[in-house]
Number of protein chains: 2
Amino acid sequence: MHYKRHNGGMGEFDLIARYFTRPVRRAVLGVGDDCALLQPRAGIQLAISSDMLVEGRHFFAGTDAYRLGHKALAVNLSDLAACGAQPVAFTLALALPRVDEPWLQAFSSGLLALADAHGCELIGGDTTQGPLNICITVFGEVPAGQALLRSGARAGDDLYVSGHLGDARLALECLLGHFALPPALLAPAQQRLEAPTPRVALGQALRSIASAALDVSDGLLGDLSHLLRASGVGACVDTSCTSALLATQVAAGQTGQPLETERVRQCTLAGGDDYELLFTAAPGQRHAVLAAAQASATAVTRIGTIEASPGLRLMDSQGQTITARYASFDHFA
Amino acid sequence: MHYKRHNGGMGEFDLIARYFTRPVRRAVLGVGDDCALLQPRAGIQLAISSDMLVEGRHFFAGTDAYRLGHKALAVNLSDLAACGAQPVAFTLALALPRVDEPWLQAFSSGLLALADAHGCELIGGDTTQGPLNICITVFGEVPAGQALLRSGARAGDDLYVSGHLGDARLALECLLGHFALPPALLAPAQQRLEAPTPRVALGQALRSIASAALDVSDGLLGDLSHLLRASGVGACVDTSCTSALLATQVAAGQTGQPLETERVRQCTLAGGDDYELLFTAAPGQRHAVLAAAQASATAVTRIGTIEASPGLRLMDSQGQTITARYASFDHFA
């Protein structure tokens, strides 16, 4: 732990540790001892999440290192956001095939810039040689009993999603050569794929307003099904609402070359890597949801309704049921 | 987080998650939501440590999976022990090249048996496909202000180490083909290498007794140098005491074929993978140290003295200074 050497002799990996060793402000003890020490505030619960990113599976070899540093923390902060927790600290375990100082400089800059933006301290971790693997464990605080869970959705609740959907998947399809976008459209979509924005402020603003929440990382419908199962309910989703959330489509429409409806649905409903919040709230909370969205400067869109009957029903803009299946897929397989 | 699918479609990896999903008893929320939730007790600090084990670097391909599961948690519990913290919970992030159910069954059994022995709950994590990589982050509780640090050693303090030293390194040398031991001697040494015993009870018993502590993972002298640097002191170590801590040597002596002095010194002073506690205490604490050792059923040996003058001095059984260097090395490189 704490960037100590493993099994001795890894002088180069001591060097790596320096990119990630900074004085702590909130933690009792940061990098440099056997353990880090956190002093939890009275009345809080600690929210903990851990994600491992593997080269060739979660990101392409050669991905911009600054963005990769950002994304490795962003996907963890997104889990905290989904619980309504305030980020506090994180550990980083990093396996690298070799010491590459320009890469480390860029990676740590992207990582620590996002950490600083959220007041989330790097308090320890581990570095070693091995196939590129980034494992972050993040800690957040939430007042006891106020964490947003997946299991609280009730029949009659509204169903919302934050921000945009599907641009990350669209960019991925382009990078895989399955599809082509003009560079002016690809660049912002690729930014969404490689440097997503965790909805941390929105998550906290939704405490005591949302009845259930999770983050959309594997595709809207797949993640929604987790929420429905955990809550023992069903849902009806209006795809005319979700399709409107593809930012690339808005821009493509302005150029007079909109994307095909099926591609838009595939990307928005089963895209993955969106890192938006999917949440439910009672209809009486609509003003409160709007206020939370405004307070956190994050767009939210009502996309459907929670129903007592289990299962997921999709409707088009005419209110007709859509029977097509939109399965998630494994991006990098 | 929480064994959710990454990027969809990883049905096999959903299956993996089942090996690691168990109901929690102490945590507020365990596996299955975006975050786990811990409710820290009043007046405690949370000790946190993270270690990443990579196949081919920290363990051989083909290592017994039950022992590997044990070791992956043991090395983290050893960090908690060095702080005097009581284990509470851990997260596991696991990258596997393929789903191998017998391997998973054995790995999870070894992992969870050690977890249960220490009341340390698995509260979440991540599974994904990739080169074999095990990343555990462990959480422990320590009364505020009572954590054992590396920085508290003072001139005049006694220097102690727990248990045995060097058997893991000796086993490794045999497995690498550098050396041969009779099977009856190799087996217990290999057990020490592959399934070390974290000194959790001793660490807690030493709170308010030890002045400084860390765990010996990279070799005694290398780790001692970290403690000395953090405390701004030096030390004199009696190698006749440390050499006596090689359990294999005791057994070899009984067969009439003791090991060479130099090999014993190399393994005990710069072995690595010992996971013993190295700690200091004022001479007035000798009875208290002994009582802590007895209460935790863990042997401790006084091996030297902390001195004001920086640096590390080695003595032989005649009180002569040893000038040879015992550097750690990188085991699997």
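The shown structure was predicted, so the numbers you read here are calculated from the model rather than taken from an experiment.

A closer look at the nonpolar core
Across soluble globular proteins, nonpolar side chains have a tendency to be buried as a group.
All names here are of chain B.
Reasoning step 1: Among the nonpolar cores identified, the biggest contains 56 residues, and Phe 20, Phe 90, Leu 92, Phe 107, Ile 134 and Phe 279 are the most heavily contacted of them.
Reasoning step 2: Taken together, the elements giving at least two residues each to this core come down to strand 2 (44-54), helix 2 (65-83), strand 3 (86-96), helix 3 (101-117), strand 5 (133-143), helix 6 (200-205), strand 9 (276-281) and helix 11 (286-295).
Reasoning step 3: Per-element accounting of this core gives the leading share, 11 residues, to helix 2.
Reasoning step 4: Two domains each provide a minimum of three residues to this core, namely domain 1 (11-143) and domain 2 (150-322).
Reasoning step 5: Those residues within four positions of Phe 279 in sequence are excluded, and the remaining contacts are Asp 158, Leu 159, Tyr 160, Leu 202, Leu 206, Ala 210, Ala 212, Ala 213, Val 289 and Val 300.

Looking at the UniProt feature "binding site: Mg(2+) 1" (unreviewed entry) in chain A
Residues and elements named next belong to chain A.
Reasoning step 1: Those places that UniProt annotates as "binding site: Mg(2+) 1" (unreviewed entry) correspond, in this numbering, to Ser 50, Asp 51 and Asp 126.
Reasoning step 2: Considering the arrangement of structural elements, one finds Ser 50 in strand 2 (residues 44-54).
Reasoning step 3: Among the residues examined, Ser 50 registers a relative accessible area of 1% and is labelled buried.
Reasoning step 4: At 3.0 Å, the side chain of Ser 50 and the side chain of Thr 137 are in polar contact.
Reasoning step 5: Among the structural elements, Asp 126 can be located in strand 4 (residues 121-129).

Concerning the packing of helix 2 (residues 65-83) of chain A against helix 3 (residues 101-117) of chain A
Residue and element names in this part refer to chain A.
Reasoning step 1: The N-to-C vectors of helix 2 and helix 3 enclose an angle of 35°; their axes lie 6 Å apart at closest approach. Helix 3 is crossed by helix 2, and the crossing has right-handed handedness. Side by side, helix 2 and helix 3 meet where Ala 65, Tyr 66, Leu 68, Gly 69, His 70, Leu 73, Ala 74 and Leu 77 of the first sit next to Trp 103, Ala 106, Phe 107, Ser 109, Gly 110, Leu 111, Ala 113, Leu 114 and Ala 115 of the second.
Reasoning step 2: Class assignment for the residues of the contact of helix 2 with helix 3 results in 13 nonpolar, four polar and no charged.

Section: the relation of the copies chain B and chain A
Reasoning step 1: In the superposition of chain B on chain A (RMSD 0.0 Å, axial shift 0.0 Å), the rotation amounts to 180°. Taken together, these values place the two copies in the relation of a two-fold axis.
Reasoning step 2: Most of the interface of chain B is mirrored in chain A: 100% of its interface residues are interface residues there too.

Remarks on the interface of chain B and chain A
Reasoning step 1: Taken residue by residue, the interface counts 69 residues in chain B and 69 residues in chain A.
Reasoning step 2: Buried surface at the junction of chain B and chain A, summed over both partners, amounts to about 5600 Å²; 52% is from carbon and sulfur atoms.
Reasoning step 3: Counting the contacts that link chain B with chain A gives four salt bridges.
Reasoning step 4: With a shortest N-O distance of 3.1 Å, A:Arg150 and B:Asp34 are connected by a salt bridge.
Reasoning step 5: At the boundary of chain B with chain A, the tally comes to 23 residue pairs in polar contact (both at pLDDT 80 or more).
Reasoning step 6: Elements represented by at least two residues in the side of chain B that touches chain A include exactly strand 1 (36-38), strand 2, helix 2, strand 3, strand 4 (121-129), strand 5, strand 7 (212-216) and helix 7 (220-231) of chain B.
Reasoning step 7: For the side of chain B that touches chain A, the element with the most residues is strand 2 of chain B, which contributes 10 residues.
Reasoning step 8: Looking at side-chain class alone, the side of chain B that touches chain A contains 34 nonpolar, 22 polar and 13 charged residues.
Reasoning step 9: Looking at chain direction, strand 2 of chain A and strand 1 of chain B are connected through three bridges and run antiparallel. Bridged to A:Leu46 within strand 1 of chain B is B:Leu38.

Considerations on the packing of aromatic side chains
Reasoning step 1: On inspection of all chains with the given rule, the structure shows seven aromatic pairs over all chains.
Reasoning step 2: Ring geometry for A:Phe20 against A:Phe107: centres 6.2 Å apart, planes inclined by 80°, an arrangement best described as edge-to-face. Taken together, the residues span a long stretch of sequence, with A:Phe20 in the loop between helix 1 (11-18) and strand 1 (36-38) and A:Phe107 in helix 3 at a distance of 87 residues. Taken individually, A:Phe20 and A:Phe107 each receive the classification buried, so the pair is uniform in this respect.
Reasoning step 3: Ring centres 5.0 Å apart and planes at 10° place the aromatic pair B:Tyr160 and B:Phe279 in the stacked group. Highlighted residues: B:Tyr160 in strand 6 (residues 158-162) and B:Phe279 in strand 9, separated in sequence by 119 residues. For the pair B:Tyr160 and B:Phe279, one class covers both residues: buried.
Reasoning step 4: Among the aromatic residues, those joined into a cluster by ring pairs are A:Phe20, A:Trp103 and A:Phe107.

So, how was this worked out
Residues numbered from 1 in each chain as written. Chains lettered and ligands numbered in written order. Predicted model: local features only at pLDDT ≥ 70, side-chain atom pairs only at ≥ 80, totals over all residues. Heavy atoms only, no water. Core = buried A, V, L, I, M, F, W, Y, C linked by side-chain atoms within 4.5 Å. Buried < 20%, exposed > 50% of the residue type's maximum accessible area, 1.4 Å probe, protein only. Helix = DSSP H or I, 4+ residues; strand = E, 2+ residues; numbered from the N terminus. Domains from an automatic or database assignment. Contact = heavy atoms within 4.5 Å. UniProt positions renumbered as here; feature names shortened; annotations may be inferred. Polar contact = N/O pair within 3.5 Å; in protein donor to acceptor, adjacent residues only side chain to side chain. Axes fitted to C-alpha atoms, helices over the stretch in contact; angles between N-to-C directions. Left-handed = near helix turned anticlockwise from the far one by under 90°. Nonpolar A, V, L, I, M, F, W, Y, C, P; charged D, E, K, R; others polar. Least-squares fit on C-alpha atoms with pLDDT ≥ 70 in both. Buried area = accessible area lost by both parts, 1.4 Å probe. Salt bridge = Lys/Arg side-chain N within 4 Å of Asp/Glu carboxyl O. Pairing = 2+ DSSP bridges. Phe/Tyr/Trp six-rings, centres within 6.5 Å; stacked < 30°, edge-to-face > 60°.

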